[in-house]
Each structure stands twice: as C-alpha cells, then as structure tokens.
Amino acid sequence: AALPALLARMPKAELHIHIEGSLEPELIFKLAQRNQVALRYASVEALRQAYAFTDLQSFLDIYYAGASVLLQEQDFYDMAWAYFEKAKADNVVHAELFFDPQTHTARGVAMETVMRGLSRACNDAHDQLGVSGALILCFLRHLSEEDAFATLEEAEPFLELFIGVGLDSSERGHPPGKFERVFARAKELGLHRVAHAGEEGPAAYVRDALDLLGAQRIDHGVRSIDDPALMRRLAAEQIPLTVCPLSNLKLCVVGTLADHPLPALLAAGLVATVNSDDPAYFGGYLNQNYLETFEALPQLGPREAYILARNSFDASFVSDLRKERWT
Ligand code: HPA
Ligand code: ZN
C-alpha cells in the first residue's frame, strides 16, 4: 500500500509524451465542433471503441485522424494546457513534449500557429502550475528527408521556442540513416537530438540512432535487450532510454506488463525512465504507467522507484545548474 502512494507523490520528469497523443476524445469532439471539422466517428464512445490497436501503424492511423481537428493557435494551447494539468496532478515537475509539425503543416496550418500555441501553454504551465515544459520537434520518418529538411527550415525562425529534434512515426522500413543529414543540421543549429528506435524496429536501429543521428537519448529502445553488446554500450555511455510501458502493452510490443524488459534494463545499469507516450490512447498518464508497471513486476520496489525518478531528471535536457537545485 505504501508503494503506490510513493509512486504517485514522488516528483518526476516526463521525457516521452507526444502532445498530440494527449488529445482526449472529449477534446477532439469539442475542437471538431469549434472548427467545423468532420469526424469519421459519430460519438466520443465510438471513437474510444476504435482504440483497439494491434501494432504501431494501427495506432498511428487513428492518432493522425484525431490530430486533424487542430487548426488554430488556441487549439494547440488547449491541448497542451490539458496535458500540463494532468502532469501537475501526477507530480510531474518537468516535461519535454514532442510535437509533430508535419501533421499540421500538411493540412495548411502554419508552423507559427503550432509553435505559438504550444509555447504559450509551456509558459503558462510554468507560471501557473509550477511545471516546466520544453518542446522537441519530431520529424515523421515515413515522410522524406526533403520534407524533414523543409520542416526544420520552417522552424528556424522559432529556434528559441524548442530545445531539440526527434524522430517518430512508422519505424519499420524507415531506418535512422534516412535522416542523418537532417540531424547533422539540427546539431549545427545547437539543438538536442533524440530518436525513436527499437520499439518495433530492431536493436540495430538503436545503434544507428546513436552513430548516425548523434541521438542523446533513445525513445523506447526496448529491443536493445536482444543485443548484449549494445546493452553494455548503453550502460557504459549512460544513454537514457525513455521507456513507455502502457504504450508497449497496447501496441503489442510486449504480451503482458509482466513480460516487460524494464527490470532487466535497470538491472543492466541502463538509465531507463518511465513515460506515457500517448496517454489519451494508451490508457493512462504518467502515474498510471508507474502504478501498473510496478504492480505487474514484483522485481520493482521503492529502490527502483527512486532510481526511475532520479533517471528522469538526469536524462532531461534542463541545464545542469537547475539540476543541482533539484538534487
Ligand atoms: N512510436 C512512433 N511514433 C509515434 C509514437 C510511437 O510510440 N507515438 C506517436 N508517434
Ligand atoms: Zn513515442
């Protein structure tokens, strides 16, 4: 009984949350009405019933459909603000939010609209909730290198509004190497670099994300468990993995939470963290991820709770100066 309370109340950072994946069905319908966007689903209930995923792609199709209701700056603000209120309730004190500009610019939404809405929510979350937020621009890996370059260029006028770049969407068939030059350019611009790798794709994609993209963190990375040499490297170099247990369960990356490799990753000395990925779609925000994962895995106790919370701050991109005040 003490462990769930500890998990819920401990201060933590969240480093793997797609802000479009925090869009709850109720807000999707509210925005659809506000913006006169037609939805393929008749009701909130019908939409929720469609959330039965078999793999990453079956989720992405619905996730991109949900994001189609976002048109105005205020829509992006409302979405991010709703997330920050959930984060506050889970004792998240710092969150690094992924966003997918290509999902919006492809529909005619201006980069500035996306940027201004999200960054205004980050500022208000800091001032009104005491939650610090930062933005990480993700490239959709199913689109071309050229499209990613154009997106980075469109974002350059807003460089002070985001801290890094990431890589998401359909992993299989879209290896990290496809974006080597875009990530080199992002580094030149002084941006942090992260990438989804080893979620559905092989451990080799994790190695490629490090070697070809200069990734400072790996998102998911759970397939690293298949490659002992890679595991030793991730531990030696203290490369953080942003693990998302409920996402892995819902997208059938693992069969049950009891089979999740998180305890093995921690036991091998990796800087693993717990995150929610797309909480509106996968059945829970950050504390729900901690609670269900610890409940399913008796190897995880108070010591691991402390390590995971500490890892979440160590793996974050907040300045070392601010980190000193936290520890
Ligand atoms: N994997 C890849 N792309 C994504 C995800 C994910 O878990 N969530 C949102 N975009
Ligand atoms: Zn993700």
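Located above this text is the structure these notes cover.
Our subject in this report is the structure included herewith. (Residues numbered from 1 in each chain as written. Chains lettered and ligands numbered in written order. Predicted model: local features only at pLDDT ≥ 70, side-chain atom pairs only at ≥ 80, totals over all residues. Heavy atoms only, no water.)

**Remarks on the pairing of strand E4 (residues 164-168)**
And then number 1: For E4, a buried count of five out of five residues is recorded, marking the element as mostly surrounded by other parts of the structure.
And then number 2: The alternating pattern of E4 places Gly164, Gly166 and Asp168 on one face and Val165 and Leu167 on the opposite face, and all of these are buried.
And then number 3: Taken together, the five bridges between strand E3 (residues 132-140) and E4 define a ladder with parallel strand orientation. Looking at E4, one finds that Cys138 is bridged to Gly166.
And then number 4: Chirality of the crossover, the property in question, places the unit of E3, helix H8 (residues 145-155) and E4 among those that are right-handed.
And then number 5: Two elements, E4 and strand E5 (residues 192-197), share two bridges in a ladder whose sense is parallel. Considered in E5, the bridge of Gly164 is made with His192.
And then number 6: Viewed along the sheet, the connection from E4 through helix H9 (residues 180-188) into E5 turns out right-handed. (Buried < 20%, exposed > 50% of the residue type's maximum accessible area, 1.4 Å probe, protein only. Helix = DSSP H or I, 4+ residues; strand = E, 2+ residues; numbered from the N terminus. Pairing = 2+ DSSP bridges. Right-handed = clockwise from strand over helix to strand, strands pointing away.)

**Concerning the coordination of the zinc ion (ligand 2)**
Angles at a metal have ideal values that depend on geometry: 109.5 degrees with four tetrahedral donors, 90 or 180 degrees with six octahedral donors.
And then number 1: In this structure, His16 (NE2), His18 (NE2), His196 (NE2) and Asp277 (OD) serve as the protein donors to the zinc ion (ligand 2), at separations of 2.0 to 2.2 Å.
And then number 2: Bound by four donor atoms, the zinc ion (ligand 2) shows angles of 81 to 173° at the metal and therefore irregular coordination geometry. (Donors = N, O, S within 2.8 Å, 3.2 Å for Na, K, Ca; no water. Tetrahedral: all angles 85-135°; square planar, octahedral: opposite > 155°, others 65-115°.)

**Topic: the state of the cysteines**
And then number 1: This structure, assessed with the given rule, holds zero disulfides.
And then number 2: Free of any disulfide, Cys138 has its nearest cysteine sulfur in Cys244, 12 Å distant.
And then number 3: With no disulfide partner, Cys252 has as its closest neighbouring cysteine sulfur the one in Cys244, 15 Å distant. (Disulfide = S-S within 2.5 Å.)

**So, the site of ligand 1**
And then number 1: Lining the immediate surroundings of ligand 1 are His18, Leu56, Phe59, Leu60, Tyr63, Asp168, Ser169, His196, Glu199, His220, Asp277 and Asp278.
And then number 2: Interatomic distance of 2.8 Å between a backbone N/O atom of Ser169 and a nitrogen atom of ligand 1.
And then number 3: Residue Asp277 places a side-chain N or O atom 2.7 Å away from an oxygen atom belonging to ligand 1.
And then number 4: Notes on ligand 1: free accessible area 260 Å², of which the protein chains cover 100%.
And then number 5: Among the elements that make up the shell around ligand 1, the one with the highest residue count is helix H4 (residues 56-67) (four residues). (Near = heavy atom within 4 Å. Polar contact = N/O pair within 3.5 Å; in protein donor to acceptor, adjacent residues only side chain to side chain. Areas by Shrake-Rupley, 256 points an atom, 1.4 Å probe, with all protein chains shown as cover.)

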